[in-house]
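Chain and residue survey
Listed below, chain by chain, are the residues.
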Amino acid sequence: MRRRILRAILLAVAVTGIVLGLPLGYSALQLVEDNARGDLAEDAQRIATLLDDQLANRQSVDVEAVKIVMPADGRLTVTSGGTTSVTGPSPGTDPLTVELSIAQQGKVVLEIPSGPMHTTQAQVAGLVLLLLALSVGTGTVVALVTAQTLARPLGYVAARASRLGAGDFRADEQRYNIEELDAVSEALDTSATALARLVQRERELVGDVSHQLRSRLTALQLRLEALAEHPEPDTAAEARAALEQAERLAAVLDELLAAARAARAVGAEPLELRPALNAIAEEWREQVKSAGRALRVRVPEGLLARATPARLREAIGVLLDNALMHGEGNVVVSARSEEGTVVVEVSDGGAGVPDELAAHIFERGVSGGGSTGVGLALARALVDADGGRLELSTARPATFAVFLPVPKAQDVVGISWRTPSTPR
């Protein structure tokens, strides 16, 4: 993009330089020639006047008497009464010539070399070219600055759109003082909010559907297990066959839910949690300390989870901000492995979440302390986008648990661990 902007501006500068430079150069050269011919015509006119005076006084033409008004390198040719008089050096080839008439059908021809005029024209042409070069140079500097000014925000907006496409629904408060780009940023933030809500609704729908299906399948399996013990052999055999089909259906349901979680977590990667959570805690430690509280991180060495660093940083950041705003006492970030899942918990020593809010704490607009009620909903959407889930595990004291999938063995091989980068 920067190259395109730079190329467009430079092309405009070049076209402007050509359109203005060529007429300017031609006019400058013509002006030099006109001035030289005008000076020569004035000298010739003075000579003609002196010669007319001589003839009017019935004197013979005296060329020597008019040398005082002749150019030093000029040659004068006077024709009068059938007599031609020449004085002065040869002007060389292609001289500047002026011819005037005098009394008694005579004429005066004054010639000077054209070399000095051509030298002046070359100097003027060089000056015009220098001005054009300065204009192009100035235009290039302006083009570079303008291209940089426009390309950097465009790069930020493109990166923001890429993060949004990857499931990073965080709002970006940065604006660029460019009306069109700011409008795009506003649209991206609006889209991020809408997508976060859509992901949340999808997660809730999938969770509700899976729960209902599991409940019905469990009830069906229990009923079929009872029928499998029926004294009639045919009935028992049919019940066992139906039970096998129900178990296969439950397995297919598990596979479909796992595939849906894997599709949502397309941007996730194996991540070592101890350095990752320590890096996130460092971003918040000063804020917690300024509130007279402490932030502790308790994560075992080598604990791995599958997550997107940016999403994890934002989700944990929301939980830390929630603990700092609504909680009390020390804030603790801990992690552990639990039945094929990694659990990251954020807790504090405050009064916890009121009973009337506990069931709705992740809904947008629900808040117990006058805040916007958007943060926890966004954090749940971010965690869900990585194939995990965010729950309120304990209301008193408030403890939020982030359940993350464990990376597969083939994903771990050759991985170089990295921590979430500091946000710009």
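A quick note: this is a predicted structure, and the numbers were derived from the prediction, not measured.

**Considerations on the pattern of salt bridges**
- Across all of its chains, the model carries 13 salt bridges by this definition.
- A salt bridge links Glu64 to Lys67, with the shortest nitrogen-to-oxygen separation between them at 3.2 Å.
- With relative accessibility at 39%, the residue Lys67 sits in the partly exposed group.
- Between Glu391 and Arg380 there is a salt bridge, with the nearest N and O atoms lying 3.2 Å from each other. Of this pair, Glu391 sits in strand β10 (residues 389–394) while Arg380 sits in helix α8 (residues 375–385), placing them 11 residues apart in sequence.
- Through salt bridges with shared partners, a single network forms among Arg175, Glu186 and Asp189.

**Let's talk about the packing of aromatic side chains**
- Using the criterion set out here, one finds 1 aromatic pair in the structure.
- Ring centres 6.0 Å apart and planes at 85° place the aromatic pair Phe362 and Phe400 in the edge-to-face group. Taken as a pair, Phe362 in the loop between α7 (355–358) and α8 and Phe400 in strand β11 (residues 399–405) lie far apart in primary sequence, 38 residues in all. The exposure classification of Phe362 matches that of Phe400, with both residues buried.

**Re the sheet that holds strand β6 (residues 295–298)**
- Read from one edge to the other, the open sheet built from 5 strands follows the order β6-β8-β9-β11-β10, with strand pairing classed as mixed. On the outer flanks of this sheet lie β6 and β10, each paired with one strand and no other. Pairs of neighbouring strands in the sheet enclose a mean axial angle of 20°, with direction left out of account.
- Two elements, strand β8 (residues 331–338) and strand β9 (residues 341–347), share 7 bridges in a ladder whose sense is antiparallel. Paired with Val333 across the bridge in β9 is Val346.
- Across the sheet, helix α5 (residues 273–290) lies against β6, β8 and β9, angled at about 175° from β6, the strand it touches most.

**Brief notes about α8**
- When you tally the buried positions in α8, you get 10 out of 11 residues, the bulk of the element.
- Along α8, the positions that sit buried rather than exposed are Leu376, Ala377, Leu378, Ala379, Arg380, Ala381, Leu382, Val383, Asp384 and Ala385.

**What to know about the nonpolar core**
- Leu273, Leu277, Ile316, Leu320, Val344 and Phe400 are the most contacted members of the largest nonpolar core, which totals 40 residues.
- Among the elements of the structure, α5, β7 (304–307), α6 (309–326), β8, β9, α8, β10 and β11 are those that each provide at least two residues to this core.
- Counting residues per element, this core draws most heavily on α6, which supplies 8 residues.
- Once you skip the residues sitting within four places of it in the chain, Leu320 turns out to touch Ile280, Trp284, Leu295, Val331, Val333 and Val346.

**A closer look at the side chain of Gln221**
- Tracing the backbone shows Gln221 in helix α3 (residues 179–227).
- Beyond its immediate sequence surroundings of up to four residues, Gln221 is in contact with Leu243, Ala246, Glu247 and Ala250.

**Brief notes about the sheet that holds strand β3 (residues 96–102)**
- The antiparallel open sheet is built from 4 strands, whose spatial order is β2-β1-β4-β3. Both outer strands of the open sheet, β2 (83–87) and β3, are each paired with one neighbouring strand and no more. Neighbour-to-neighbour, the strand axes of the sheet open up by a mean angle of 15°, direction not taken into account.
- Two elements, β3 and strand β4 (residues 106–112), share 7 bridges in a ladder whose sense is antiparallel. Bridging across to β4, Ile102 finds its partner in Gly106.

**Details of the packing of α5 against α6**
- Here α5 crosses α6 at 40°, and the two axes come no closer than 10 Å. In terms of axis orientation, α5 runs oblique to α6. Judged by the twist between their axes, the crossing of α5 over α6 is right-handed. On α6, the residues that touch Leu273, Leu277, Ile280, Glu283, Trp284, Gln287 and Val288 of α5 are Leu312, Arg313, Ile316, Gly317, Leu320, Asp321 and Leu324.
- Residue classes in the contact of α5 with α6 are distributed as 9 nonpolar, 2 polar and 3 charged.

**Description of a nonpolar patch on the surface**
- A cluster of nonpolar residues, Leu11, Val15, Val19 and Leu20, forms a patch on the protein surface that exposes about 390 Å² of accessible area.
- Looking at the secondary structure, you find Val15 in helix α1 (residues 2–56).
- Under the relative-accessibility criterion, Val15 is labelled partly exposed at 43%.

**What to know about the packing of α6 against α8**
- Contact geometry for α6 and α8: axes closest at 9 Å, N-to-C directions at 150°. Accordingly, the angle class assigned to the pair α6 and α8 is roughly antiparallel. When you trace α6 past α8, the crossing you get is left-handed. Residue-level inspection shows Arg311, Glu314, Ala315, Val318, Leu319 and Asn322 of α6 in contact with α8, the latter providing Gly375, Leu376, Ala379, Leu382, Val383 and Ala385.
- Considered class by class, the residues forming the contact of α6 with α8 number 8 nonpolar, 2 polar and 2 charged.

Calculation rules
Residues numbered from 1 in each chain as written. Predicted model: local features only at pLDDT ≥ 70, side-chain atom pairs only at ≥ 80, totals over all residues. Heavy atoms only, no water. Salt bridge = Lys/Arg side-chain N within 4 Å of Asp/Glu carboxyl O. Buried < 20%, exposed > 50% of the residue type's maximum accessible area, 1.4 Å probe, protein only. Helix = DSSP H or I, 4+ residues; strand = E, 2+ residues; numbered from the N terminus. Phe/Tyr/Trp six-rings, centres within 6.5 Å; stacked < 30°, edge-to-face > 60°. Pairing = 2+ DSSP bridges. Axes fitted to C-alpha atoms, helices over the stretch in contact; angles between N-to-C directions. Contact = heavy atoms within 4.5 Å. Core = buried A, V, L, I, M, F, W, Y, C linked by side-chain atoms within 4.5 Å. Parallel < 35°, antiparallel > 145°, perpendicular 65-115°, else oblique. Left-handed = near helix turned anticlockwise from the far one by under 90°. Nonpolar A, V, L, I, M, F, W, Y, C, P; charged D, E, K, R; others polar. Patch = residues over 30% accessible without salt bridge, like charges linked within 9 Å, V, L, I, M, F, W, Y side chains within 5 Å. Areas by Shrake-Rupley, 256 points an atom, 1.4 Å probe, with all protein chains shown as cover.

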